[in-house]
Amino acid sequence: MMLERIEHRACFGGWQDVYEHASRALGCTMRFGVYLPPQAAAPGARMPVLYWLSGLTCTEQNFITKAGAQRYAAEHGVVVVAPDTSPRGEHVPDADGYDLGKGAGFYLNATQAPWATHYRMHDYVVEELPTLVEAQFPVDDRRAISGHSMGGHGALVLALRNPGRYRSVSAFAPIVAPSQVPWGEKAFTAYLGEDRAAWREWDACALLAGASERLPLLVDQGEGDEFLDTQLRPDLLRAACAEAGHPLTLRLQPGYDHSYYFMASFIGDHLAHHARALQA
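Trainee: Would you mind going over helix α3 (residues 121-136) with me for this structure?
Mentor: Since there are 3.6 residues in each turn of an α-helix, residues three or four apart along the chain are aligned in direction. Along α3, the largest kink reaches about 35 degrees and is centred on Leu 129; proline Pro 130 follows within four residues of it. Burial in α3 covers these residues: Met 121, His 122, Asp 123, Tyr 124, Val 125, Val 126, Glu 128, Leu 129, Pro 130, Leu 132 and Val 133. Looking at the buried side of α3, the elements it contacts are β2 (14-23), β3 (28-36), β4 (47-53), β5 (79-83), β6 (139-147) and α4 (150-161).

Structure (structure tokens):
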């Protein structure tokens, strides 16, 4: 699979790059960011990877330019890979509004027309992208996953659906129960159809009941988040984890909102959380 590097910037002793490639899973050209810490330059180095999933309206750019994760990735010796949030291109279906279509892939495999051909973000993030990264960069198969909002939903769901693939998982302000909130109901109806039973396969709170793996969940949520009570509902995650006996660290942060100011404030804790698991 051919890669074209389109950005290359020195950052905290390493390199923040952006690559472009033709995706088989999505049937379009995709971009992703890669931060290579200074340790990656050592002869024979093989580094662990944190996959970061961004939220609604984002591309690969938002996280790599706003979160400040590179400083901590350099400190811990972790490669950070940040893909786009949906397929892209003039031939890719889209919708009016910010919460469906381009920029709103929801990290699932769509089953309904016109979305099913291109909107297969689960397969892209779980299978195609790691295969590419592990073939082209100085990394091994130690993987972690994290994300924000829609991407937090993606991180939780991908970890729960794929036991053994990730060593750690965390999220900022995740949509924990998309089957029960407006963002998720709109997206799931379009991508998956009207059968709510099919939605449960992409809902973190529903998946927890049958989880075969017990990766500790680290979740940070701002108490000043405008979407807290309507779209995010961390109370439902707390209840689902308690019922399933699943480990959860849910930190409610007073005053913080849904923005990258919030994420930048606590991203160091999340990198440390993943580094401990990746380097154990």
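Trainee: So what exactly am I meant to see when it comes to the packing of aromatic side chains here?
Mentor: Evaluation of the coordinates by the stated rule reveals 15 aromatic pairs. Aromatic pair Tyr 19 and Phe 32: ring centres 6.0 Å apart, planes at 20 degrees, arrangement stacked. Of this pair, Tyr 19 sits in strand β2 while Phe 32 is found in strand β3, placing the two residues 13 residues apart along the sequence. Judged by its relative accessible area of 0%, Phe 32 is buried. Pairing Tyr 119 with Tyr 191 gives two aromatic rings, centres 5.4 Å apart and planes at 25 degrees, and the pair type is stacked. You can see Tyr 119 sitting in the loop between β5 and α3 and its partner Tyr 191 sitting in helix α5 (residues 182-192), a full 72 residues away along the chain. The pair Tyr 119 / Tyr 191 is uniform in exposure class, with both members buried.

Trainee: What's the story with the packing of helix α2 (residues 69-76) against helix α10 (residues 260-278) in this structure? I'm lost.
Mentor: Relative placement of two packed helices is described by the angle separating their axes and the distance separating the axes. The contact between α2 and α10 brings their axes to 9 Å, and the two run at 30 degrees. In terms of orientation, α2 lies roughly parallel with respect to α10. The two elements α2 and α10 meet at a crossing, and its hand is right-handed. When α2 is examined against α10, the residues Ala 69, Tyr 72, Ala 73 and His 76 are found in contact with a partner set consisting of Ile 267, Gly 268, Leu 271, Ala 272 and Ala 275. Along the lines of polarity and charge, the residues of the contact of α2 with α10 split into seven nonpolar, two polar and no charged.

Trainee: Can you help me understand α4 in this one?
Mentor: The terminal C-alpha atoms of α4 lie 16 Å apart, and with 12 residues this matches the ideal 16 Å at 1.5 Å per residue to within 8%. Taking burial as the measure, the 12 residues of α4 include 11 buried ones, the bulk of the element. Among all positions of α4, only Met 150, Gly 151, Gly 152, His 153, Gly 154, Ala 155, Leu 156, Val 157, Leu 158, Ala 159 and Leu 160 are buried.

Trainee: In this structure, what is going on with the nonpolar core? I would like to understand it.
Mentor: Inside soluble globular proteins, nonpolar side chains tend to come together where they are buried. Core analysis: the largest hydrophobic core is formed by 98 residues, its most contacted members being Phe 32, Phe 63, Phe 106 and Tyr 191. Here this core takes eight residues from α10, the largest share from any one element. Apart from the residues lying within four places of it in its own chain, the contact partners of Tyr 191 are Leu 100, Gly 101, Ala 104, Gly 105, Phe 106, Leu 108, Ala 110, Thr 111, Gln 112, Trp 115 and Tyr 119.

Trainee: It is not clear to me how the side chain of Ser 149 should be interpreted in this structure. Could you clarify?
Mentor: Position of Ser 149 relative to the elements: it lies in the loop between β6 and α4. Given a relative accessible area of 3%, Ser 149 falls into the buried group.

Trainee: Sorry, what's going on with the sheet that holds β6 here?
Mentor: For sheets, the rule is that strands pair by backbone hydrogen bonds, running either parallel or antiparallel. Strand order in the open sheet made by the nine strands is β1-β2-β3-β5-β4-β6-β7-β8-β9, with mixed pairing throughout. Two strands lie at the open edges of the sheet, namely β1 (4-11) and β9 (248-253), each paired on one side alone. Mean inter-strand twist for the sheet, computed between neighbouring axes without regard to direction, equals 20 degrees. Of the pairings in the sheet, the one linking β4 to β6 comprises six bridges and is parallel in character.

Here is what the cut-offs are and how they apply
- Residues numbered from 1 in each chain as written.
- Predicted model: local features only at pLDDT ≥ 70, side-chain atom pairs only at ≥ 80, totals over all residues.
- Heavy atoms only, no water.
- Bend = angle between axes of the 7 residues up to and from the residue.
- Helix = DSSP H or I, 4+ residues; strand = E, 2+ residues; numbered from the N terminus.
- Buried < 20%, exposed > 50% of the residue type's maximum accessible area, 1.4 Å probe, protein only.
- Contact = heavy atoms within 4.5 Å.
- Phe/Tyr/Trp six-rings, centres within 6.5 Å; stacked < 30°, edge-to-face > 60°.
- Axes fitted to C-alpha atoms, helices over the stretch in contact; angles between N-to-C directions.
- Parallel < 35°, antiparallel > 145°, perpendicular 65-115°, else oblique.
- Left-handed = near helix turned anticlockwise from the far one by under 90°.
- Nonpolar A, V, L, I, M, F, W, Y, C, P; charged D, E, K, R; others polar.
- Expected span 1.5 Å × (residues − 1).
- Core = buried A, V, L, I, M, F, W, Y, C linked by side-chain atoms within 4.5 Å.
- Pairing = 2+ DSSP bridges.

Interpretation note: all reported values are geometric properties and have no functional meaning in isolation.
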